[in-house]
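Notes for the structure review
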Amino acid sequence: MFSILSKSLKTGILTKKDPFAARPPFGFPVLDFEACTACDECVQACPTGALQTDRPAPERKTLSLSYALCIQCRECVDACPTGAIRAGRDFEVAAYSREQLTRRASFEVEAATGRASFRAMEAVPGPSLEESAAKLRERVRGRFGRPLHVRQVDAGSCNGCELEIAATANPVFDLERFGIHFVASPRHADVLLVTGPVTRNMAIALRRTYEATPEPRVVVAVGACGCSGGIFGEGTYASIGGVDHVVPVDIYVPGCPPRPHAILNGLLAAMGLREARARPDAGVTAPASIRLTPVSPAALTVPSTRTAGKGE
Ligand code: SF4
Ligand code: SF4
């Protein structure tokens, strides 16, 4: 007993006052569309189809990057001959719809040389991040005044996302200080934290879990798989794909797997009032809003449709 106490005293407090202060060593790719020549090298290198090109007209080309599909492998960074793609370090890449996780630009193609040059970012259909945040805040206002209870559902994950979710409860991140607790039953939950591409065998179980969760339930899809089917694709013999094919999703937290910072960030967003959950007395701060950096809301657009695997 004495040795345990002595060890604890020597170790000191491991919990980070501000879990959002430290940047992970690498995160999502950052594409500088203005420096891009739409040469397709990154598209060829991308194993998930997160980067896609289209040729709607002979003199026009588009290039899109979907963070919902990205597994942060950085193959595109190595493949880019012009250095237009670099590895970012931001983790606040959460959104309220798949569309908000995609950005797309159009390029002019010179008929003589076939060389493409940046023309413009594509317009953004649908609500902005701010509008979506306000809508969610309105829906949960006054309903989540108590601690937030989270039921985690593995709908087909490889367990990578579960390891990171478990890390949010360790002494370093300590999500309980934000009033967030994991519970065993969906009947006690405010939030469903769903991982994995939804397998056909888990679809009914997920639907029933959703129906057993009292309103105003919030669904957070975690990981590239939960957001889009990830490396397993969508509509395959075993996998339905993204969680939103089975239940409505309120927050998307991409990454393969997303880091604990990103999951915590998504859970605070799920409260619709994340600033209120910060503990200024303890020096704990939460991000002011979903930054979705380096993507500005004005640059977001609808992702291209995809069925299963690269290029399908
Ligand atoms: S999955 Fe992401 S990091 Fe990997 S090549 Fe595709 S866009 Fe780049
Ligand atoms: S997103 Fe990555 S870590 Fe999470 S379940 Fe899918 S493959 Fe596994």
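Residue indices begin from 1 for each chain and proceed along its sequence in written order. By the order in which they are written, chains take letters starting at A while ligands take numbers starting at 1. Under the rules for a predicted model, residues below a pLDDT of 70 receive no local features and side-chain atom pairs below 80 are neither given nor counted, while totals for whole chains, interfaces and linings still include all residues. To obtain the side-chain values, all non-hydrogen atoms of the structure were used and water was disregarded.

1. Remarks on the packing of aromatic side chains
- Here a pair means two rings of Phe, Tyr or Trp (six-membered ring of Trp) with centres within 6.5 Å. Their orientation is stacked below 30 degrees between planes, edge-to-face above 60, and tilted elsewhere. Applying the stated criterion across every chain, the model contains two aromatic pairs.
- Relative to Tyr 67, the ring of Phe 28 lies with its centre 5.2 Å away and its plane at 75°, an arrangement referred to as edge-to-face. Highlighted residues: Phe 28 in the loop between α1 (2-11) and β1 (29-31) and Tyr 67 in the loop between β3 (60-66) and α3 (75-79), separated in sequence by 39 residues. Comparing Phe 28 with Tyr 67, the two get one shared label, buried. Starting at the N terminus, helices and strands are each numbered in turn, a helix being any DSSP run of H or I of at least four residues and a strand any DSSP run of E of at least two. With a 1.4 Å probe rolled over the protein chains alone, any residue whose accessible area is under 20% of its type maximum counts as buried; one over 50% counts as exposed, and the rest are partly exposed.

2. Side note on the sheet that holds strand β6 (residues 116-121)
- By this definition, two strands are paired if DSSP reports at least two bridges between them. As summarised here, the arrangement of the four strands in space is β2-β3-β5-β6, forming an open sheet in which the pairing is antiparallel. For this open sheet the edge positions go to β2 (51-57) and β6, each flanked by a neighbour on one side alone. Sheet twist, expressed as the average angle between the axes of neighbouring strands with direction ignored, equals 30°.
- Relative to β3, β2 runs antiparallel, the two being bridged by five bridges. Orientation is described by axes fitted as lines to C-alpha atoms, over the contacting stretch for helices, and by angles from 0 to 180 degrees between their N-to-C directions.

3. Focus on the pairing of strand β11 (residues 218-222)
- Along β11, five of the five residues are buried, which leaves the element largely enclosed by surrounding structure.
- Residue alternation in β11 divides its side chains into two sets, Val 218, Val 220 and Val 222 and Val 219 and Ala 221, and both sets are buried.
- In terms of strand pairing, strand β9 (residues 191-195) meets β11 through five bridges, oriented parallel. In the sheet register, Leu 192 faces β11, and the bridge partner there is Val 219.
- Bridge count for β11 against strand β13 (residues 251-253) is three bridges, and the pairing is parallel. Looking across to β13, one finds that Ala 221 is bridged to Tyr 252.

4. Quick notes on the site of ligand 2
- The cutoff for a nearby residue is simple: one of its non-hydrogen atoms must lie within 4 Å of the molecule or strand. Taken together, Ser 157, Cys 158, Gly 160, Cys 161, Gly 223, Ala 224, Cys 225, Phe 232, Gly 255, Cys 256 and Pro 257 make up the full set of residues adjacent to ligand 2.
- Of all the secondary structure elements, the ones that give two or more residues to the shell around ligand 2 are α5 (160-167) and α7 (223-228).
- Looking at the shell around ligand 2 residue by residue, the classes come out as seven nonpolar, four polar and no charged. Classification used: nonpolar for Ala, Val, Leu, Ile, Met, Phe, Trp, Tyr, Cys and Pro, charged for Asp, Glu, Lys and Arg, polar for all others including Gly.

5. Let's talk about the side chain of Ser 106
- Mapped onto the secondary structure, Ser 106 falls in strand β5 (residues 102-109).
- On the basis of relative accessibility, which here comes to 2%, the residue Ser 106 falls in the buried class.
- When near neighbours in sequence (up to four residues on either side) are disregarded, Ser 106 contacts Arg 60, Lys 61, Thr 62, Phe 118, Arg 119, Ala 120 and Glu 122. Any pair of residues with heavy atoms lying within 4.5 Å of one another is described as a contacting pair.

6. Considering helix α8 (residues 260-270)
- Within α8, eleven of the eleven residues are buried, which leaves the element mostly enclosed by the surrounding structure.
- All of the buried residues along α8 are Pro 260, His 261, Ala 262, Ile 263, Leu 264, Asn 265, Gly 266, Leu 267, Leu 268, Ala 269 and Ala 270.

7. Considerations on the side chain of Ser 228
- Topologically, Ser 228 is positioned in helix α7.
- When its relative accessible area of 1% is taken as the criterion, Ser 228 is described as buried.
- Looking at Ser 228, its side chain comes within polar contact range of the main-chain oxygen of Ala 68, at 2.8 Å. N or O atoms within 3.5 Å of each other form a polar contact, as long as, within protein, one can give a hydrogen and the other can take it, and as long as residues adjacent in sequence are counted only when both atoms are side-chain atoms.

8. Section: the pairing of β5
- Summarising burial for β5: six of the eight residues are buried, a large majority.
- The pairing of β3 with β5 spans seven bridges and is classified as antiparallel. Looking at β5, one finds that Arg 60 is bridged to Glu 108.
- Linking β5 to β6, which pair antiparallel, is a turn of six residues; within it Gly 114 sits at a positive phi near 75°.

9. Some thoughts on the sheet that holds β13
- Ordered in space as β8-β7-β9-β11-β13, the five strands form an open sheet in which the pairing is parallel. Looking at the sheet topology across the chains shown, the edges are occupied by β8 (180-182) and β13. Sheet twist, expressed as the average angle between the axes of neighbouring strands with direction ignored, equals 25°.
- Direction of pairing for strand β7 (residues 148-154) relative to β8: parallel, over a ladder of three bridges. By the bridge assignment for β8, Val 150 is matched with Phe 182.
- Its contacts with the sheet put α5 on β7, β8, β9 and β11, and the angle it makes with β9 is roughly 140°.

10. Some remarks on α1
- The buried count for α1 comes to zero of ten residues, which makes it a mostly uncovered element.
- Just downstream of α1, Gly 12 is the residue with a positive phi angle, here 75°.

11. A look at the pattern of salt bridges
- Should a side-chain nitrogen of Lys or Arg be within 4 Å of a carboxyl oxygen of Asp or Glu, the pair is scored as a salt bridge. The full count for this structure, using the stated rule, is eight salt bridges.
- Arg 98 is the partner of Asp 244 in a salt bridge, and the nearest nitrogen-oxygen pair spans 2.9 Å. Placement of the pair is Asp 244 in the loop between β12 (239-241) and β13 and Arg 98 in the loop between β4 (85-87) and β5, with a sequence separation of 146 residues.
- Residue Asp 244 is classed as partly exposed on the basis of its relative accessible area, which comes to 27%.
- Judged by relative accessible area, Arg 98 falls into the buried class, the value being 16%.
- The closest approach of N and O atoms between Arg 104 and Glu 122, which form a salt bridge, is 3.8 Å. Within this pair, whereas Arg 104 is found in strand β5, its partner Glu 122 is found in the loop between β6 and α4 (129-140), the two being separated by 18 residues in sequence.
- What makes Glu 122 buried here is its relative accessible area of 16%.
- Three or more residues are tied together by salt bridges with common partners; here these are Arg 60, Arg 104 and Glu 122.

Everything listed here is a matter of geometry and, on its own, says nothing about what the molecule does.
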